[in-house]
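Fold and geometry: a report
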Amino acid sequence: MVAVDILKFPISSPADTTPLDRLVESGYKSSQILAVVGKTEGNGCVNDFSRTLASTVWEPKVPADAVTIFSGGTEGVLCPHVTFIVRAEDTSSNNPSYTGLVASVGHTRALHPHEIGTPDHARTVAATIESMMADDLSVRPEDVVLVLIKCPLLTSAKVEAVRATGKEPITTDTYESMARSRYACAVGIAAALGEIPNTQIDSALQPAKASGSGSVWSAKASCSSGAELEDNHIMILAKDLAVSDVGSTGPQLRAVSRPMKDAIDADAILDLLSQVKQDGGKVVQVFAKAEADPYGTVRGNRHTMNTDSDIHSTRHARAAVGGLLAGLVGDTLLYVSGGAEGQGPAGGGSLCVVYTIRSEATSHEQSLPDRELSKT
């Protein structure tokens, strides 16, 4: 079980690694990094090479067992940035640290191309998460607030490679493969967290439902697909129940989550922000998923995100949800990822707010005014 701190910094390009300097200035070493979670300014589609560039420059600079999760697409007001998930104490220290949140990172095995988006994909993800929770975190599924995954997609070369073996890929549409991969991961997360039984994995991923328009979804899943990897990079964030038993006098981290029911669900984020305000807290980061409603309406009114031949629906959704969240939180360095198949209800998306508070030992400090809740 690893207590973590969370910090975020803007980047000037997908190749910008200067946030490492800012991390060191904040008192941490690169050896303490568990995950680098980033938003890059590509199109977020199959040929978004900004993700590949970011992964290429960051992976040599982080520990071998760390994960990188880069989501492309910063449409609208979203600002390209990286979020660090770091060990709260140096691994050379024997003194335990309690911040309020714990995390675990891991990788699945590399998937064969014909497995992407299939029940085997979901089962592989579920088994890895279950192992991480049992062996590393020692937390219950109900303590988990977020599961972030970066997963592979199909390219034209992979589609042909599958056919060369006499098998058929889950789809021959490389863009659709992104959705299929995300949905398989979401189903795996739901199974690992007990939101659905393992026996439901196969039926959830029948071809008619594999695009994510079915009823199976996880409230805590955030999955992003890309061509820059063959395995699945996984980060689990959970509440540290031990923090209530120690007398820490410094800032503590908390996280609250609930799904958005649609792309304009301001009530969901306002509800979470009210909990932050009640604790006298300050928002550190928001992790959200966004998608165009697959049935073509938002609260009874027709939308055109799914029929726009110029701009993919995931780009529309990121811009819409990113603008909503940025306006309410007062910050543009937010992790808003497009394509929420199985990650919250259809047309909505998962939502998690991480924030910092002061313990009772320092409660003489005034709570932040409303407008300060959103500043990092």
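Residues numbered from 1 in each chain as written. Predicted model: local features only at pLDDT ≥ 70, side-chain atom pairs only at ≥ 80, totals over all residues. Heavy atoms only, no water.

Glancing now at the overall build of the chain. Check the secondary structure of the chain and you find 8 helices and 14 strands. Residue burial in the chain is summarised as follows: out of 376 residues, 57% are buried. Within the chain, residue pairs in contact and separated by at least 24 positions form 83% of the contacts whose partners lie at least 6 positions apart. About 15,000 Å² of surface is accessible on the chain, with carbon and sulfur atoms providing 49% of the total. (Helix = DSSP H or I, 4+ residues; strand = E, 2+ residues; numbered from the N terminus. Buried < 20%, exposed > 50% of the residue type's maximum accessible area, 1.4 Å probe, protein only. Contact = heavy atoms within 4.5 Å. Areas by Shrake-Rupley, 256 points an atom, 1.4 Å probe, with all protein chains shown as cover.)

Okay, the nonpolar core next. Of all hydrophobic cores here, the largest spans 32 residues; its most connected members are Ile-129, Val-144, Val-147, Ile-149, Val-187, Ile-189 and Ile-236. Elements with a contribution of two residues or more to this core: α3 (119–137), β6 (144–152), α5 (174–192), α6 (201–204), β7 (221–226) and β8 (233–239). By residue number, the principal contributor to this core is α5, which donates 9 residues. For Ile-149, the residues in contact, after removing those within four places along its chain, are Ile-69, Val-125, Ile-129, Cys-185, Ile-189, Ser-222, Cys-223, Ser-224, Asn-232, His-233 and Ile-234. (Core = buried A, V, L, I, M, F, W, Y, C linked by side-chain atoms within 4.5 Å.)

So, about the packing of aromatic side chains. Summed over all chains, the structure comprises 3 aromatic pairs. Here the aromatic residues Phe-9, Trp-58 and Phe-84 are joined through ring pairs into a cluster of three or more. Over the aromatic face of Tyr-335 sits the side chain of Lys-39, whose NZ or CZ is 5.8 Å from the ring centroid. (Phe/Tyr/Trp six-rings, centres within 6.5 Å; stacked < 30°, edge-to-face > 60°. Lys NZ or Arg CZ within 6 Å of the ring centre and 35° of its normal.)

Right, let's get into the UniProt feature "active site" (unreviewed entry) in the chain. In this numbering, the UniProt entry assigns the feature "active site" (unreviewed entry) to Lys-150 and Ser-224. With the annotated positions falling across 75 residues, the maximum pairwise C-alpha distance of 4.9 Å places them together in a single cluster. In the annotated set above, the residues contributing to the lining of the largest cavity are Ser-224. Positionally, Lys-150 belongs in strand β6. Given the relative accessible area of 1%, Lys-150 is considered buried. Along the chain, Ser-224 falls in strand β7. By relative accessible area, Ser-224 is classed as buried at 5%. (UniProt positions renumbered as here; feature names shortened; annotations may be inferred. 1 Å grid on protein atoms, 1.4 Å probe; cavity = no way out; pocket = protein on both sides within 12 Å on 5 of 7 lines; lining within 4 Å.)

As recorded in UniProt, the feature "binding site: Mg(2+)" (unreviewed entry) lies at Glu-291, Ala-340, Gln-343, Gly-344, Pro-345 and Gly-348. These annotated residues cover 58 residues of sequence, and their C-alpha atoms all fall within 10.0 Å of one another, placing them together at a single site. You can see Ala-340 is positioned in the loop between β13 (335–338) and β14 (351–358). You can see Gln-343 is positioned in the loop between β13 and β14. Setting aside its immediate chain neighbours within four residues, Gln-343 contacts Arg-182, Ala-186, Trp-217, Ser-218, Ala-221, Ser-222, Cys-223, Lys-289, Gly-349 and Ser-350. Side chain to side chain, Gln-343 and Lys-289 meet in a polar contact 3.4 Å long. (Polar contact = N/O pair within 3.5 Å; in protein donor to acceptor, adjacent residues only side chain to side chain.)

In total, this model carries 18 salt bridges according to the counting rule given. Note that Arg-51 is salt-bridged to Glu-228, the shortest N-O span being 3.5 Å. Of this pair, Arg-51 sits in helix α2 (residues 49–58) while Glu-228 sits in the loop between β7 and β8, placing them 177 residues apart in sequence. Comparing Arg-51 with Glu-228, the two get one shared label, buried. In this structure, Asp-271 and Arg-258 form a salt bridge, with 3.2 Å as the shortest nitrogen-oxygen distance. Within this pair, whereas Asp-271 is found in helix α7 (residues 266–278), its partner Arg-258 is found in the loop between β9 (251–257) and α7, the two being separated by 13 residues in sequence. Here the residues in one salt-bridge network are Asp-48, Arg-51, Lys-150 and Glu-228, joined through shared partners. (Salt bridge = Lys/Arg side-chain N within 4 Å of Asp/Glu carboxyl O.)

Taken together, the 8 strands give an open sheet; going across it, the order is β3-β2-β4-β1-β5-β8-β6-β7, and neighbouring strands pair in mixed fashion. On the outer flanks of this sheet lie β3 (67–72) and β7, each paired with one strand and no other. Going across the sheet, the axis of each strand differs from the next one's by a mean of 25°, ignoring polarity. In terms of strand pairing, strand β2 (residues 33–40) meets strand β4 (residues 81–87) through 6 bridges, oriented antiparallel. Bridging from a neighbouring strand, Ala-35 pairs with Ile-85 of β4. With respect to the sheet, α2 is in contact with β2, β3, β4, β6 and β7, its orientation differing from that of β3 by roughly 155°. (Pairing = 2+ DSSP bridges. Axes fitted to C-alpha atoms, helices over the stretch in contact; angles between N-to-C directions.)

On to the side chain of Arg-182. Inspection of the secondary structure puts Arg-182 in helix α5. By relative accessible area, which is 5% here, Arg-182 ends up buried. Reaching out from Arg-182, the side chain makes a polar contact with the side chain of Ser-225 at a distance of 3.4 Å. Polar side-chain contacts of Arg-182 include one of 3.3 Å to the backbone oxygen of Gly-339. Leaving out residues up to four positions away in the same chain, Arg-182 has contacts with Cys-151, Cys-223, Ser-224, Ser-225, Lys-289, Thr-314, Gly-338, Gly-339, Glu-341 and Gln-343.

Attention now goes to helix α4 (residues 156–164). All of the buried residues along α4 are Lys-158, Val-159 and Val-162. Buried residues in α4, looked at end-on, bunch into an arc of 105°, giving them a common side. Seen from the open side of α4, the exposed residues pointing more than 90 degrees away from its buried face are Ser-156, Ala-157 and Ala-164. On its buried face, α4 sits against β6. A positive backbone phi angle near 85° is found at Gly-166, which sits one or two residues after α4. (Arc of directions from axis to C-beta.)

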